[in-house]
Amino acid sequence: MDQAQIDKIKDLISYERERKAPPKGFPKFPDLPGKRYTDKDFFELEKENLWKKTWLLAGHLDEIPEIGSYKLWEKTGQPVIIVRKNKNEITAFYNMCRHRGAAIVRKKYGRAKSLICGYHGWNYNYDGDLIGKRDPQDFVDFDDSCRSLHKIKIELMGNLIFINFDLEAMSLKESLGPIHEELQEFQLGSLRLVDQYSYDVKCNWKIAMEANLEVYHVQSIHPKTVHVGLDYKGNVNTFYSNGHGRMVAPSRSYPELPIYGGSNEDPNSTSYHPLPNSSKKQTIDDDPRPEIKTAGYISRTCTQSYNLMPNLVTPVSERGFPILMWWPKSINECVFDVLWIAPDWGEGKRPKVWDSQIKAFNDVLSEDLQFGGWIQKAVDSYVFDGVPLSYQEARIYHWHQELDKIIGLNKVPQDLQVKQVMTDDWIYPNDVERRLDEYNSK
Ligand code: FES
Ligand SMILES: [Fe+2]
């Protein structure tokens, strides 16, 4: 972020702290129809559109370090194989042989000179081209060039591997727009994988994800953790095209750099800002983890978190940070993935401080997850009809608006539709300018 952007965010933090109501002209949100979490046809619409047409984070380059390394990825139910073709190129295909559909690879990770189907031995190169088969003379008038593995669109953002099942989709970079530029300061191409793990959650995937699209809940469910370190009243939401969003919530020590421990008042508290949980205050210099030197002032003084359509949330930070994702397992169960990336710490094991850092963060995640099952019971009840959202929860509304656009406005049954009340006036950069105009005219 350049200084002009930082200055705008600083003004917006002041604006949010001082405002007595939502910005002038901000729309009233109609209730989100409750059946969006329970309707089987809607679930199918998500499957056929959302998961099929958006960019999905499918891994990190460290998982496929060598030429020929591959990864089997099935988070959306579609069988996908991701292959390291060479140092800089990755390819992705459906993991299904063009002969009779057997899986090309059956292990989660592996390495192969070429991709050979175990059923009858058809052989494919890293581009998915059919380069050999057993007893070719027995296939009459057969054109191998028409039998390549089915391709999947793939793009790297730094070391992060994104895929898209829609071969016509706009590029990831284009989809992310200004966010792609903002993320440059975090040097994603130099960050290595620190850890990854999953939780099974007993609720619709959107219910679990939505806990991470607002900070309205902070005072209630994180009174001793996040709330101690983060001023949710100063949170600035930004709404980007294509359903993406960003929050910037100042830490309690803002505008000063925070001191480890998360709060100036309570040195034993943990902060949502991903810093180590320490029993004594530390200075920034005590941390053995290398930092991302180019990480900007906002990420160092605030929780700067992005939500990327459809299912990714990442609170970026200078020592490394988590990436959170939610995947539907069924209509009322999901898998919640957490993946941590950070600057290279050199040879050997990761610095020990990561253990306490990750534990503290997971404790916060448990707080976030505690209502998932309860809300699922509510949405499944006879009477649950809809969700009224506040201005503070506008990223959730914005996200749902985009979901309907991706499905196709005319394809969503009328009683499940989200009215498109967040017009372009409230999408970046217009949302920023409208609030700043109001702030500066005081
Ligand atoms: S199914 Fe793969 S070679 Fe027959
Ligand atoms: Fe939370």
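Residues numbered from 1 in each chain as written. Chains lettered and ligands numbered in written order. Predicted model: local features only at pLDDT ≥ 70, side-chain atom pairs only at ≥ 80, totals over all residues. Heavy atoms only, no water.

Some details on the packing of aromatic side chains
Heads up, the rule is: Ring pairs are drawn from Phe, Tyr and Trp, using the six-membered ring of Trp, whenever the two centres fall within 6.5 Å, and their geometry is named by plane angle: stacked under 30 degrees, edge-to-face over 60, tilted for the rest. Note on conventions: DSSP H or I runs of at least 4 residues are helices, E runs of at least 2 residues are strands, and numbering of each starts at the N terminus. Per-residue accessibility, obtained with a 1.4 Å probe over protein chains only, is compared with the maximum for each type, and a residue is labelled buried under 20%, exposed over 50%, and partly exposed between these values. Any Lys NZ or Arg CZ that is within 6 Å of a ring centre and within 35 degrees of that ring's normal is treated as a charge sitting over the ring.
Scanning the entire structure with this criterion turns up 20 aromatic pairs. Judged by centre distance (4.9 Å) and plane angle (85°), the ring pair of Phe26 and Tyr391 falls under edge-to-face. With Phe26 in the loop between helix 1 (3–18) and strand 1 (32–33) and Tyr391 in the loop between strand 19 (386–387) and helix 11 (394–407), this residue pair connects regions lying 365 residues apart in the sequence. The pair Phe26 / Tyr391 is uniform in exposure class, with both members buried. A network of ring pairs unites the aromatic residues Phe26, Phe29, Tyr391, Tyr397 and Trp426 as a single cluster. Here Arg192 stacks its cationic end above the ring of Trp345, 3.6 Å away from the centre of that ring.

Concerning the packing of helix 1 against helix 12 (residues 430–440)
Worth spelling out the cut-off: Between N-to-C directions, angles span 0 to 180 degrees; the directions come from axes that are lines fitted to C-alpha atoms, helices contributing only their stretch in contact. Any angle that is under 35 degrees is reported as roughly parallel, and any over 145 degrees as roughly antiparallel; angles of 65 to 115 degrees are reported as roughly perpendicular and all others as oblique. Each crossing gets its hand from how the near helix is turned against the far one by less than a right angle, where anticlockwise is left-handed and clockwise is right-handed. Only heavy atoms enter the contact rule, under which two residues are in contact if any of them lie within 4.5 Å.
Interhelical geometry of helix 1 versus helix 12 gives an angle of 65° and a closest axis separation of 10 Å. Taken together, the axes of helix 1 and helix 12 are roughly perpendicular relative to one another. For helix 1 against helix 12, the interelement crossing comes out left-handed. Residues Lys8, Asp11, Leu12, Ser14, Tyr15, Glu16 and Glu18 of helix 1 pack against Val432, Glu433, Arg435, Leu436, Glu438 and Tyr439 of helix 12.

Topic: helix 11
How we decide: Expected span of a helix: the number of residues minus one, times 1.5 Å.
The terminal C-alpha atoms of helix 11, which comprises 14 residues, lie 20 Å apart, in line with the 20 Å expected from a rise of 1.5 Å per residue. Gly408 sits one or two positions beyond helix 11 and adopts a positive phi of about 110°.

As for the pattern of salt bridges
Our working rule: When a carboxyl oxygen of Asp or Glu is within 4 Å of a side-chain nitrogen of Lys or Arg, the pair counts as a salt bridge.
The full count for this structure, using the stated rule, is 28 salt bridges. The closest approach of N and O atoms between Lys352 and Asp355, which form a salt bridge, is 3.3 Å. The class for Lys352 is exposed, based on a relative accessible area of 67%. The exposure class assigned to Asp355 is partly exposed, which follows from its relative accessible area of 33%. One continuous salt-bridge network, built from bridges that share partners, spans Glu16, Arg19, Asp431 and Arg435.

Examining the domain arrangement of the protein
Definition in use: Start and end points for every domain follow an automatic or database-based domain assignment. Whenever a nitrogen or oxygen atom comes within 3.5 Å of another N or O atom, the pair is scored as a polar contact, on the condition that within protein one atom can donate a hydrogen and the other can accept it, and that pairs from neighbouring residues in sequence are kept only if both atoms are in side chains. Amino acid classes used here: Ala, Val, Leu, Ile, Met, Phe, Trp, Tyr, Cys and Pro are nonpolar; Asp, Glu, Lys and Arg are charged; the rest, including Gly, are polar.
In terms of domains, the protein is made up of domain 1 (3–54 + 177–440) and domain 2 (56–157). For domain 1 versus domain 2, the separation of C-alpha centres amounts to 34 Å. Contacts between domain 1 and domain 2 engage 20 residues on the former and 10 residues on the latter. Summed over the shared surface of domain 1 and domain 2, the result is 1 salt bridge. Put simply, Asp337 and Lys75 hold a salt bridge, and the shortest N to O gap is 2.9 Å. Counting every contact that joins domain 1 to domain 2 gives 4 residue pairs in polar contact (both at pLDDT 80 or more). Elements that contribute at least two residues to the side of domain 1 that touches domain 2 include exactly strand 12 (191–201), strand 17 (321–330) and strand 18 (333–343). In terms of residues, the side of domain 1 that touches domain 2 owes the most to one element, strand 12, which gives 5 residues. Here the residues of the side of domain 1 that touches domain 2 sort into 13 nonpolar, 5 polar and 2 charged.

Description of the sheet that holds strand 17
Put simply, the test is: What makes two strands pair is DSSP finding at least two bridges between them.
Overall, antiparallel pairing links the 7 strands, which are arranged 12-18-17-16-15-14-13 in an open sheet. Two strands in the sheet have a free side with no partner beyond their single neighbour: strand 12 and strand 13 (236–239). On average, each strand axis in the sheet is inclined to that of its neighbour by 15°, with strand direction left out of account. Sheet strands touched by helix 11: strand 13, strand 14 (245–250) and strand 15 (302–308). Its angle to strand 13, the strand with the most contacts, is close to 10°.

Some details on the coordination of the iron ion (ligand 2)
Which entries qualify depends on this criterion: The rule for donors is simple: N, O or S, within 2.8 Å of the metal, or within 3.2 Å if the metal is Na, K or Ca. Water isn't counted, so a site may look like it is missing partners.
Within the protein, the iron ion (ligand 2) binds to His217 (NE2), His222 (NE2) and Asp368 (OD); these donor distances fall in the range 1.9 to 2.1 Å. Here the donor residues of the iron ion (ligand 2) are spaced in sequence according to H-x4-H-x145-D. In this pair, His217 sits in the loop between helix 5 (205–210) and helix 6 (218–221) while Asp368 sits in helix 9 (residues 353–369), placing the two residues 151 residues apart along the sequence. Considered together, His217 and Asp368 belong to a single accessibility category, that of buried residues.

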